Amino acid sequence: MDWQKEDLKYIWHPCSQMKDYETLPPIVIERGEGINLYDINGKCYKDVISSWWCNLLGHCNPRINAAVKRQIDSLEHVIFANFTHKPAITLCQELMKVLPEGLCKFNFADNGSAAIEMSLKMSFQYHYQTGHPEKKRFMALTDAYHGETLGALSVGGVDLYSELYKPLLLDVIRIDGPDCYRCPLGKHCTGHCESENMFKGSSALPKEAGCNCECFKNAEEAFEKYASETAAIIVEPLLQGSAGMKVYPPLYLKKLRELCNKYNVHLIADEIATGYGRTGKMFAFNHAEVSPDIMCLSKGLTGGYMPMAIAITTQEIYDAFYDDYLKGKAFMHSHTYAGNPLACSAAIEVLKILREENIIEKANKNAVYFNKIIKEKFLPLKNVGEVRSIGLINAVELVKNKETKEPLDYTKRTGYQIYKKALEKGVLLRPLGDVIYFNPPLIIEKDDMDLVTDIALECTRAILRDTVV
Ligand SMILES: *Cc1c(COP(=O)(O)O)cnc(C)c1O
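Residues numbered from 1 in each chain as written. Predicted model: local features only at pLDDT ≥ 70, side-chain atom pairs only at ≥ 80, totals over all residues. Heavy atoms only, no water.

A.B. asks: Quick question: what am I supposed to make of the nonpolar core here?
C.D. replies: General note: in soluble globular proteins, nonpolar side chains tend to be found buried as a group. Of all hydrophobic cores here, the largest spans 113 residues; its most connected members are L91, F223, I233, Y276 and L354. Sorting elements by how many residues they give to this core places helix α12 (residues 341–356) first, with 10 residues. Each of domain 1 (3–60 + 360–467) and domain 2 (67–356) contributes no fewer than three residues to this core. Apart from the residues lying within four places of it in its own chain, the contact partners of Y276 are L56, L95, M282, F283, L297, G300, L301, V350, L351, L354 and L442. Counting 26 residues, the second-largest nonpolar core is a separate cluster that includes L120, Y126, F138 and I272. (Core = buried A, V, L, I, M, F, W, Y, C linked by side-chain atoms within 4.5 Å. Buried < 20%, exposed > 50% of the residue type's maximum accessible area, 1.4 Å probe, protein only. Helix = DSSP H or I, 4+ residues; strand = E, 2+ residues; numbered from the N terminus. Domains from an automatic or database assignment. Contact = heavy atoms within 4.5 Å.)

Below you can see the structure in the form of structure tokens.
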């Protein structure tokens, strides 16, 4: 059977112009092992983007496989209202050992966007039920990404996804967030990056240009003006993924925590992409040593095995919903697959593996090497504006002009050409526009780091030669 032809007969793939599939038909994957994916012809692809950032510990990880197999023979799913099961309870107990202080109530959903919707509704309802019905708006940063459903899309700020739908979206207060590569204030972060591997930008500006998050004044101004009508601000802590793996310092989160306390505005942490060691610590908020009021988890939560998400919140928020039934204060939000036991069993095993195999510690050691070779290989290129990194995540931003940081002409689709070329050579990159990035499973080894960066470099060079004049 011609599987590619059959696929295109039926399937509408996510986040794709289907016409592109005429020249790049879908790759039919049969099995996975570690960072490798194998197609039906046996060709290997190195999955250095963790299959959209969710695969944490390799494909077909033997321990997670075994955990799911054990679970499936006793219970696949059960309604989660009035019923519960050991895997969900155990997962909460395990998470309590690693979560930032104060987060202790777990509301389950089945995908990241749903957890975002849930947090927004939860925050609004909290204020409504504590005497502030006027707090019904949300704040978010420029270049934010929080998912694709209408509420999540509303707080998102990447035009590629949301522009067309604006007539349908909530009226969100947009704050000009940190933009460290193209800082409008001409600052350069040097001072407050605890983790050795954070913030190794390429532009070697003098120390006096060091930043103290001066751009935070944009948030202060917005709070002064709008906090009284605002329920919550939502952020992707330290790393704006879909915006091109843009990194900003923990100090920004610290300041935001203080501001939120001052104005009775919830701080929602979208840790869907940053959680589970991606930034070098268990959660990105750990770098700032403060806690959000609501934290959303998904992606790495199940190691990339199963669709599951959780919105985790505080006793204080939970208590505002707790009353006699007829008071009508309950949170009447549900998802059919909430708390799925198979997903919970994978998620429990993920936490055990992280702990027992010192995964994050090992990944942090490898991250120093990974960042070093990526900088050595890519920075000399005329069209590489910056290499930025946090944890094992590294991004290479291609520009037309290194000095002015002018972007490449997006109509040339340079990133997409590099993607296609790298696929031919067995590396799955999927750049964000003209930002090539690596966000591999935490278990990647040095020989694979050498291999994928060599191929990425070769493809980048070749395409730049053809497309950039
Ligand atoms: C992926 C992602 C989401 C959305 O999760 P889905 O499961 O794709 O709905 C939200 N926020 C961030 C930061 C993400 O990376």
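Next, the rest of the story.
A.B. asks: Can you help me understand the site of the ligand in this one?
C.D. replies: Every residue lining the ligand is accounted for by W53, N111, G112, S113, Y145, H146, G147, E236, D270, I272, A273 and K299. A distance of 2.6 Å is found between a nitrogen atom of the ligand and a side-chain nitrogen or oxygen belonging to D270. Within the side chain of K299, a nitrogen or oxygen atom sits 2.5 Å from an oxygen atom of the ligand. Relative to its unbound accessible area of 380 Å², the ligand is 82% covered by the protein chains. (Near = heavy atom within 4 Å. Polar contact = N/O pair within 3.5 Å; in protein donor to acceptor, adjacent residues only side chain to side chain. Areas by Shrake-Rupley, 256 points an atom, 1.4 Å probe, with all protein chains shown as cover.)

A.B. asks: Honestly, the pattern of salt bridges in this entry has me stumped. Any pointers?
C.D. replies: Note on pairing: side chains with opposite charge can pair once their charged atoms come close. One pass over the structure, following the stated rule, counts 26 salt bridges. Residue K246 pairs with D179 through a salt bridge whose shortest N-O separation is 3.5 Å. Here K246 is found in strand β9 (residues 246–247), whereas its partner D179 is found in the loop between β6 (173–175) and α8 (217–226), with 67 residues between them in sequence. Overall, D179 belongs to the partly exposed group, its relative accessible area being 26%. In this structure, the salt-bridge partner of E406 is K400, at a minimum N-O distance of 4.0 Å. Judged by relative accessible area, E406 falls into the partly exposed class, the value being 38%. Within this structure, R63, R70, E349, E356 and E357 form a network of salt bridges that share partners. (Salt bridge = Lys/Arg side-chain N within 4 Å of Asp/Glu carboxyl O.)

A.B. asks: Sorry if this is basic, but what is going on with the sheet that holds strand β10 (residues 266–270) here?
C.D. replies: Each strand in a sheet pairs with another by means of backbone hydrogen bonds, the pair being arranged parallel or else antiparallel. Pairing is mixed in the open sheet, where seven strands are placed in the order β4-β12-β11-β10-β7-β5-β6. Here the strands that pair on one side only, and so sit at the sheet edges, are β4 (103–109) and β6. Each adjacent strand pair in this sheet contributes to an overall mean axis angle of 20°, direction not counted. Here strand β5 (residues 137–141) pairs with strand β7 (residues 230–235) via four bridges, running parallel. Opposite M139, over in β7, you have I233 as the bridge partner. Where helix α5 (residues 112–129) meets the sheet, its contacts fall on β4, β5, β7, β10, β11 (294–297) and β12 (309–314), and the angle it forms with β12 comes to roughly 25°. (Pairing = 2+ DSSP bridges. Axes fitted to C-alpha atoms, helices over the stretch in contact; angles between N-to-C directions.)

A.B. asks: I'm lost on the pairing of β10 in this one. Help?
C.D. replies: The side chains of a regular strand alternate, residue by residue, between the two faces of the sheet. Most of β10 is tucked away, with five of its five residues classed as buried. Of the two faces of β10, the one carrying H266, I268 and D270 and the one carrying L267 and A269 are both buried. Judged from the three bridges that link them, β10 and β11 form a sheet pairing that is parallel. For A269, the partnering residue across the bridge sits in β11 and is M295.

A.B. asks: I keep staring at the domain arrangement of the chain and nothing clicks. Help me out?
C.D. replies: Many analyses report the size of an interface as the accessible area lost when the parts associate. Parsing the chain into structural domains produces domain 1 (3–60 + 360–467) and domain 2 (67–356). Measuring from the centre of the C-alpha atoms in domain 1 to the corresponding centre in domain 2 gives 26 Å. Contacts between the two partners involve 38 residues from domain 1, matched on the other side by 33 residues from domain 2. The interface formed by domain 1 and domain 2 holds one salt bridge in total. Inspection of the region where domain 1 meets domain 2 yields 13 residue pairs in polar contact (both at pLDDT 80 or more). The residue inventory of the side of domain 1 that touches domain 2, partitioned by class, reads 24 nonpolar, nine polar and five charged. (Nonpolar A, V, L, I, M, F, W, Y, C, P; charged D, E, K, R; others polar.)

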